Amino acid sequence: MDVRYINPFVKSIANTFQTMCGLSINVEKPQLKSGDDPSSDVSGVIGFSGDAAGSVALLFNYDVASKIASAFAGTEINEDHDDFSDAIGELANMVAGGAKAQFEGLNISISLPNVIRGKNHNLSGSKSAPRLIIPCNTDMGTFYMEIGMVLTKSVAASQTAAVGASQ
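Participant: What is the right way to read the pattern of salt bridges from this model?
Facilitator: Proximity of charged atoms lets side chains of opposite charge pair with each other. Evaluated as defined, the whole model comprises four salt bridges. Here glutamate 146 and lysine 33 are joined by a salt bridge, their closest N and O atoms 3.0 Å apart. With a gap of 113 residues between them, glutamate 146 in strand E8 (residues 141-151) and lysine 33 in the loop between strand E2 (31-32) and strand E3 (40-50) connect regions that are remote in the sequence. Taking relative accessible area as the criterion, glutamate 146 reaches 0% and is therefore assigned buried. We classify lysine 33 as buried; its relative accessible area is 15%. A salt bridge links glutamate 146 to arginine 131; its shortest N-O distance comes to 2.6 Å. With glutamate 146 in strand E8 and arginine 131 in strand E7 (residues 131-138), the pair connects residues that are 15 residues apart, well separated along the chain.

Participant: Would you mind showing me how to read the side chain of serine 66 here?
Facilitator: Topologically, serine 66 is positioned in helix H2 (residues 62-73). At a separation of 3.5 Å, a polar atom in the side chain of serine 66 contacts the main-chain amide nitrogen of glutamate 79. Among all residues touching serine 66, those that are not within four sequence positions of it are Ile77, Asn78, Glu79 and Phe84.

Participant: Before we go on, may I ask you to explain the nonpolar core in this structure?
Facilitator: Of all hydrophobic cores here, the largest spans 42 residues; its most connected members are Ile13, Phe17, Leu58, Phe60, Ile68, Phe143 and Met145. For this core, the secondary structure elements donating two or more residues are helix H1 (7-21), E3, strand E4 (52-60), H2, helix H3 (84-100), E7 and E8. Here this core takes eight residues from H3, the largest share from any one element. Each residue touching isoleucine 13, except ones within four places of it in the same chain, is listed here: Ile25, Val27, Leu58, Val95, Cys136, Phe143 and Met145. One finds Val45, Ala57, Leu123 and Ile133 within the second-largest nonpolar core, a separate group that totals five residues.

Participant: Please clarify how the packing of H2 against H3 should be interpreted in this entry.
Facilitator: Between two packed helices, the angle of one axis relative to the other and the distance separating the axes together describe the packing. It is at 9 Å that the axes of H2 and H3 come closest, and there the two elements cross at 80°. Taken as axis vectors, H2 and H3 run roughly perpendicular relative to one another. Between H2 and H3, the contacting residues are Tyr62, Ala65, Ser66, Ile68, Ala69 and Phe72 on the first element and Phe84, Ala87, Ile88, Glu90, Leu91 and Met94 on the second. When its residues are assigned to classes, the contact of H2 with H3 shows ten nonpolar, one polar and one charged.

The rules behind these values
- Residues numbered from 1 in each chain as written.
- Predicted model: local features only at pLDDT ≥ 70, side-chain atom pairs only at ≥ 80, totals over all residues.
- Heavy atoms only, no water.
- Salt bridge = Lys/Arg side-chain N within 4 Å of Asp/Glu carboxyl O.
- Helix = DSSP H or I, 4+ residues; strand = E, 2+ residues; numbered from the N terminus.
- Buried < 20%, exposed > 50% of the residue type's maximum accessible area, 1.4 Å probe, protein only.
- Polar contact = N/O pair within 3.5 Å; in protein donor to acceptor, adjacent residues only side chain to side chain.
- Contact = heavy atoms within 4.5 Å.
- Core = buried A, V, L, I, M, F, W, Y, C linked by side-chain atoms within 4.5 Å.
- Axes fitted to C-alpha atoms, helices over the stretch in contact; angles between N-to-C directions.
- Parallel < 35°, antiparallel > 145°, perpendicular 65-115°, else oblique.
- Nonpolar A, V, L, I, M, F, W, Y, C, P; charged D, E, K, R; others polar.

This is the structure we're talking about:
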């Protein structure tokens, strides 16, 4: 993946979590996903289509997800709360929307959020597109952002495999 399409996600997650949850995020170096790791308990997933196809997912364990959902909502939200999945889905939606706004020259649509819950589940992506895992550290714990994207716009067809990001 081209760094021009990773940096918007890095900027968006930092901005979203600072603005909406009051959390500073230390975004670590992206790594190419190998196999199904890391596993998570709850994942907020947003798909995108148009000039690029793929998805972005926020991967949490229940403890970190509950703390972050509570900070986002301004009230105690644990994994059994009726609004838990909505909070995780909305955070994923905001990260995807913030990144989408920074993509220059690409016409991209994003899907409604999907929230997947289940102890130690793994997300599997397309084998034709590289997927990056980006560890995100906060005072409330570590979670991961997973990005998989293939540019479908003909001018960018050769830009699908470079890995890395700078802050």
